[in-house]
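Summary of the model geometry
Here is what each chain is made of, one letter per residue.
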Amino acid sequence: MLSVLGIAMAVIGVSQNNQLPDDLRVTIEAGRYLRIMFYNCENFFDTDDDPLKNDDEFTPDGEKHWTKQRFYTKRAQIAQVITAIGGWTSPDIVGLCEIESHYVMESLVNQSNLRNLGYAYLHKESPDARGIDVALLYQPKRFKPFKVKYIPVNVQKSGRGTRDILMASGTTINGDTLHIFVNHWPSRWGGQTETDGLRRSVAAIVRAKVDSLTTINKRANVLIMGDLNDYPNNNSVCVDLRAQTDFTTINETELYNLAYYMQFVKGYGTHKYDGFWGILDQMIISGSLLDGQGNLYTTKDDVHVFNPPFLLEKDEANIGYKPYRTYLGYKYLGGFSDHLPVFLNIYRNK
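Just so it is clear, the structure is predicted and the values come from calculations on it, not from any experiment. (Residues numbered from 1 in each chain as written. Predicted model: local features only at pLDDT ≥ 70, side-chain atom pairs only at ≥ 80, totals over all residues. Heavy atoms only, no water.)

Bringing the pairing of strand β7 (residues 177-184) into the picture now. In terms of burial, β7 is largely enclosed, as 7 of its 8 residues are buried. As judged from the 6 bridges shared by strand β6 (residues 165-172) and β7, these two strands associate in the antiparallel manner. Directly across from T171, in β7, lies its bridge partner T177. Between β6 and β7, which pair antiparallel one after the other, the connecting turn spans 4 residues, and G175 there sits at a positive phi close to 90°. As paired strands, β7 and strand β8 (residues 222-227) are joined by 6 bridges and run parallel to one another. Each bridged residue has a counterpart across the sheet, and for H184 the counterpart in β8 is D227. (Buried < 20%, exposed > 50% of the residue type's maximum accessible area, 1.4 Å probe, protein only. Helix = DSSP H or I, 4+ residues; strand = E, 2+ residues; numbered from the N terminus. Pairing = 2+ DSSP bridges.)

The subject of this paragraph is the environment of L34. Tracing the sequence through the fold places L34 in strand β1 (residues 34-44). Judged by relative accessible area, L34 falls into the buried class, the value being 0%. Spatially, the C-alpha atom of L34 lies 7.4 Å from that of P91, the residues being 57 residues apart in sequence. Residues in contact with L34, not counting those within four places in the same chain, are D92, R142, T172, L178, L344, N345 and I346. (Contact = heavy atoms within 4.5 Å.)

Let's shift gears to the pattern of salt bridges. A full pass over the atoms with the stated rule returns 18 salt bridges. Close ionic contact of D301 with K266 constitutes a salt bridge, the shortest N to O distance being 3.4 Å. You can see D301 sitting in the loop between β14 (296-297) and β15 (303-305) and its partner K266 sitting in the loop between α5 (258-265) and β11 (271-273), a full 35 residues away along the chain. Linking R325 and D338 is a salt bridge whose minimum nitrogen-to-oxygen distance equals 3.6 Å. Residue R325 is found in the loop between β17 (321-323) and β18 (327-328), and its partner D338 is found in the loop between β19 (331-332) and β20 (342-348); the two are separated by 13 residues along the sequence. Within the structure, one salt-bridge network assembled from shared partners comprises K218, R219, E252 and D291. (Salt bridge = Lys/Arg side-chain N within 4 Å of Asp/Glu carboxyl O.)

If you trace the 7 strands from one edge of the open sheet to the other, you get β5-β6-β7-β8-β13-β10-β9, paired in mixed fashion. Taken across any chain shown, the strands that pair with only one partner, and hence form the sheet edges, are β5 (143-151) and β9 (243-244). Of the pairings in the sheet, the one linking β5 to β6 comprises 8 bridges and is antiparallel in character. From the neighbouring strand, I151 faces β6, where its bridge partner is I165. Running at roughly 175° to β7, helix α3 (residues 192-216) makes contact with β5, β6, β7, β8 and β10 (255-257) of the sheet. Each of β10 and β13 (281-286) is contacted by α5, which is oriented at about 25° to β10, the strand it contacts most. (Axes fitted to C-alpha atoms, helices over the stretch in contact; angles between N-to-C directions.)

The biggest cluster of nonpolar side chains holds 70 residues, and the ones touching the most others in it are I93, L96, L136, L137 and M225. Ranked by the residues each element gives to this core, the list is headed by β1, at 7 residues. When near neighbours in sequence (up to four residues on either side) are disregarded, L136 contacts I93, V94, G95, A120, Y121, L122, F143, L166, A168, I180, V182 and M225. V153, I165, A220 and A243 belong to the second-largest nonpolar core, a separate cluster that totals 22 residues. (Core = buried A, V, L, I, M, F, W, Y, C linked by side-chain atoms within 4.5 Å.)

The α-helix advances 3.6 residues per turn, and as a result positions three or four apart in sequence lie on the same side. For α5, the tally of buried residues reaches 6 of 8 residues, placing the bulk of the element in the interior. Looking at α5, one finds that the buried residues are L258, A259, Y261, M262, Q263 and F264. Tucked inside the fold, the buried residues of α5 contact β10, β12 (276-278), β13, β15 and β20. The N-terminus of α5 is capped by N257, whose side-chain oxygen sits 2.9 Å from the backbone nitrogen of A259. Just past α5, the residue G267 takes up positive phi, approximately 80°. (Polar contact = N/O pair within 3.5 Å; in protein donor to acceptor, adjacent residues only side chain to side chain.)

Positive phi outside glycine occurs at N43, with the angle close to 60°. Within the secondary structure, N43 is located in strand β1. We note that D274 has phi near 55°; this positive angle belongs to a residue other than glycine. Here D274 is to be found in the loop between β11 and β12. With relative accessibility at 54%, the residue D274 sits in the exposed group.

Put into structure tokens, the structure is as follows:
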């Protein structure tokens, strides 16, 4: 898996007193117009056995002994991450993946610490074999979807589809339109090379949708976020999605990968494999959001990996820290997720 990265990823270490280094603590900035986050929740399942899904292990009698109490703990943890990432104000838009059902979304919005924050959500059951989907939380006063599509992705060798791509076009508070794609591309299970074509096929689907938007409006504001199960320098992202990594000259109709800058310039990661950090959870935006010429804008320094101490644990097998995950195999650890969330600040042009 690591051989495809091309260049070594930064290993985040610890200081002399075994405390987290200062560059792991993200300061929550004031004055942003929109805060948008993405989080791979790591198997946010309900406890019921759905006969149409391979979810047996996430039941009270299943191999992972997924009880109501463990579900409640998971729900509280996801809500904690969302509220913490918002600082004084909850995030305006939240992309999620590894969500099993309407029930878990309804429970998260109405029965966790998010219940008084006014979130609405978009979710649809997808044909994924395990039953995991993508979803979008949003603040209706800050983002008003006027067009929602669940784009099917039928690229699996088995002939069965994988997670849908959620596309939501909506207006922000000052009337500007933002087109959001929430993704969870096919995993590397079975080998990175063997599954590479699956992710490249999904990337081509997303690129075609983006091209349709920019053909109608070359300054369409586009945000692609999600767990792509590839790194920013892999072919699916660089070649098929055509996400640019050079920020020297900005073209309004091109896509630019902020995750590449986070990983290969700043040295951050959202996921740790064999002791190395890399970014699977990516934020990719249109040049129209990056050139400073529109009503909405951001910069390559306004995207962050959210990595407070409560989301990390010591990596006993390697150097430094790693995400504090829920399960390791079938062993319940009680942590948050095997991924760290990312977030992006977008501003209004005065």
